[in-house]
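A closer look at the structure
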Amino acid sequence: ALTFVWPSLLWLLLLVPVAITVYLLARRYEPATTGSVLTGVVVVLGLTSLLLAIARPKVELNLPTRADELMVVLDISGSMRADDVDPNRFEVAKATLKDMIATQPPSTRLGLVTTAATATLIQPATTERDQLFGALDTVNLQTGSAIGSGLLIGLSELLPAAGIDVQALMNDSIGGGDPDAPPSWEPNPNVERPAGSNRSKAMVLISDGGSNVGPDVLQMAELAARLGIRINTIGIGTREGAVVKAQGVSQRVSLEQAVLADVADITLGRYYEGASTQDLQQIFEAIEASLSFDNRRSLEVSALAMLLGTLLLLVGMASKLARQRRIL
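Report on the accompanying structure. (Residues numbered from 1 in each chain as written. Predicted model: local features only at pLDDT ≥ 70, side-chain atom pairs only at ≥ 80, totals over all residues. Heavy atoms only, no water.)

Roughly 520 Å³ of volume is contained in the second largest pocket. Forming the boundary of the second largest pocket are 23 residues, of which Gly78, Ser79, Asn212, Gln251 and Val253 lie nearest the centre. Elements that contribute at least two residues to the lining of the second largest pocket include exactly strand 8 (242-246) and strand 9 (249-253). Of the residues forming the lining of the second largest pocket, the biggest block, four residues, is contributed by strand 9. For the lining of the second largest pocket, the class distribution of residues is four nonpolar, 13 polar and six charged. (1 Å grid on protein atoms, 1.4 Å probe; cavity = no way out; pocket = protein on both sides within 12 Å on 5 of 7 lines; lining within 4 Å. Points joined across faces, edges and corners; volume = space filled by probe spheres on them. Helix = DSSP H or I, 4+ residues; strand = E, 2+ residues; numbered from the N terminus. Nonpolar A, V, L, I, M, F, W, Y, C, P; charged D, E, K, R; others polar.)

Structure below.
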């Protein structure tokens, strides 16, 4: 779209027909040639461009931006207090996430969801690394473990256009119905995609795999698969586990790698038991570059119009000079 900062000055364009009339009257006794007509056209275009530049034209552009987005679901349940990894699962998980933030490509947007008894969007997807680190520093361990809720919130943030009914799916788990029954909300066939086909958006689940409340983890993985979202899972802890004490009760908690591996398999992601820097790099490399055109920018083109007008006038004058040895 073409607009003007000073549209009131567009009346100056009336000078163009006036100049044409004066020029034709001055040359009414001279024969018209192809060269003179072309020269006149070039000069008129140059004058028009200069007068438009005075009104300061600007254009509205939809500029391309990378649409790569990664949503991380971080388990902050009480079992992450286990010290079977040094110093404990929670600190290792945070260190892993910090490495992920630090090593990701600058253009990738990354968001953070934490999950314990409930899931919370801590940081919407952003490229601002300081915001991500700041959000992570506010996270503390809580009771309960609802990994399915974390996956659900992450999906709704990644795919707002899918219209995921978060409340309906949450109510399914609260109602205590048949876990094998289909969820009360199903994606519209128009938004369904083959599993793993969305190459510009993905999720990462960092957890020890334990979940005891909220939507079923594997059902949420199946929902992600139907929407084309891959979930890469990172297991924190050991298979032997460790004893965790909470509210006077001691319990041994082990890494439930089977759950995490199933989530990855269902969505065509990958499961990592722990994650090295190379593993984190593989997660990012699996996200292919994708462009969106929703970055709308207003760009003033007065200088371009002025330059074009000047060049056209110079060409017209040079043509006149070459043919008739004069400018006017």
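There's plenty left to go through after this.
The next thing to look at is the sheet that holds strand 4 (residues 109-115). Ordered by their spatial adjacency, six strands build an open sheet running 5-4-3-6-7-10, and the pairing between neighbours is mixed. The sheet is open, and its two borders are formed by strand 5 (119-126) and strand 10 (271-273), each paired with just one other strand. With strand direction ignored, the average angle separating the axes of adjacent strands in the sheet is 15°. (Pairing = 2+ DSSP bridges. Axes fitted to C-alpha atoms, helices over the stretch in contact; angles between N-to-C directions.)

The next subject is the packing of aromatic side chains. Evaluation of the coordinates by the stated rule reveals zero aromatic pairs. Looking at Arg56, its charged tip hangs above the ring of Trp6, at a distance of 4.9 Å from the centre. (Phe/Tyr/Trp six-rings, centres within 6.5 Å; stacked < 30°, edge-to-face > 60°. Lys NZ or Arg CZ within 6 Å of the ring centre and 35° of its normal.)

Looking at the element boundaries, Met71 is found in strand 3 (residues 69-75). What makes Met71 buried here is its relative accessible area of 0%. The sequence separation of Met71 and Val113 amounts to 42 residues, and the corresponding C-alpha distance is 7.4 Å. Once residues lying within four places of it in the same chain are set aside, the contact partners of Met71 are Gly111, Leu112, Val113, Leu121, Gly154, Glu157, Leu158, Ala202, Met203 and Val204. (Buried < 20%, exposed > 50% of the residue type's maximum accessible area, 1.4 Å probe, protein only. Contact = heavy atoms within 4.5 Å.)

Let's shift gears to the packing of helix 5 (residues 147-158) against helix 7 (residues 217-226). Think of two packed helices as two axes; the pair is described by the angle between the axes and how far apart they sit. Contact pair helix 5 / helix 7: the axes reach a minimum separation of 8 Å and the direction vectors enclose 20°. Here helix 5 is positioned roughly parallel relative to helix 7, judged by the angle of their axes. In this structure, the crossing between helix 5 and helix 7 has a hand that is left-handed. Between helix 5 and helix 7, the residues in contact are Ile147, Gly148, Leu151, Leu152 and Leu155 and Val217, Met220, Leu223 and Ala224, respectively. Taken together, the residues of the contact of helix 5 with helix 7 break down into eight nonpolar, one polar and no charged. (Parallel < 35°, antiparallel > 145°, perpendicular 65-115°, else oblique. Left-handed = near helix turned anticlockwise from the far one by under 90°.)

As enumerated under the stated definition, the model contains 10 salt bridges in all. Arg239 is the salt-bridge partner of Glu273, the closest N and O atoms lying 3.1 Å from each other. Taken together, the residues span a long stretch of sequence, with Glu273 in strand 10 and Arg239 in the loop between strand 7 (230-235) and strand 8 at a distance of 34 residues. In this structure Glu273 comes out as partly exposed when scored by relative accessible area, which is 39%. Using a relative accessible area of 51% as the deciding quantity, one classes Arg239 as exposed. Each member of the salt-bridge network shares a partner with another, and the members are Glu69, Arg109 and Lys201. (Salt bridge = Lys/Arg side-chain N within 4 Å of Asp/Glu carboxyl O.)

Ranked by size, the top nonpolar core spans 30 residues in total, and within it Leu151, Ile164 and Met203 carry the most contacts. If you list the elements that add at least two residues to this core, you get strand 3, helix 5, helix 6 (166-175), strand 6 (201-207), helix 7 and helix 8 (257-267). The greatest single-element share of this core, amounting to six residues, is contributed by helix 5. Other than its neighbours up to four places away in sequence, Ile164 contacts Leu152, Leu155, Ser156, Leu169, Trp185 and Leu227. (Core = buried A, V, L, I, M, F, W, Y, C linked by side-chain atoms within 4.5 Å.)

Before going further, it helps to spend a moment on the pairing of strand 6. Across the seven residues that make up strand 6, a large majority, seven, are buried. Side-chain alternation along strand 6 places Lys201, Met203, Leu205 and Ser207 on one buried face and Ala202, Val204 and Ile206 on a second face that is also buried. The sheet contact formed by strand 3 and strand 6 spans six bridges and is parallel. The partner of Val73 across the bridge, within strand 6, is Leu205.

Tracing the backbone shows Asn232 in strand 7. Accessibility expressed as a relative area gives 5% for Asn232, which makes it buried. A polar contact of 3.1 Å, which involves the side chain of Asn232, links it to the backbone nitrogen of Arg270. (Polar contact = N/O pair within 3.5 Å; in protein donor to acceptor, adjacent residues only side chain to side chain.)

Within the fold, Ser302 resides in helix 10 (residues 302-324). Judged by relative accessible area, Ser302 falls into the buried class, the value being 13%. Engagement of the side chain of Ser302 in a polar contact is seen with the side chain of Glu300, the distance being 2.7 Å. Among all residues touching Ser302, those that are not within four sequence positions of it are Ala53, Arg56 and Pro57.

Everything listed here is a matter of coordinates, which is why it stays silent on function.
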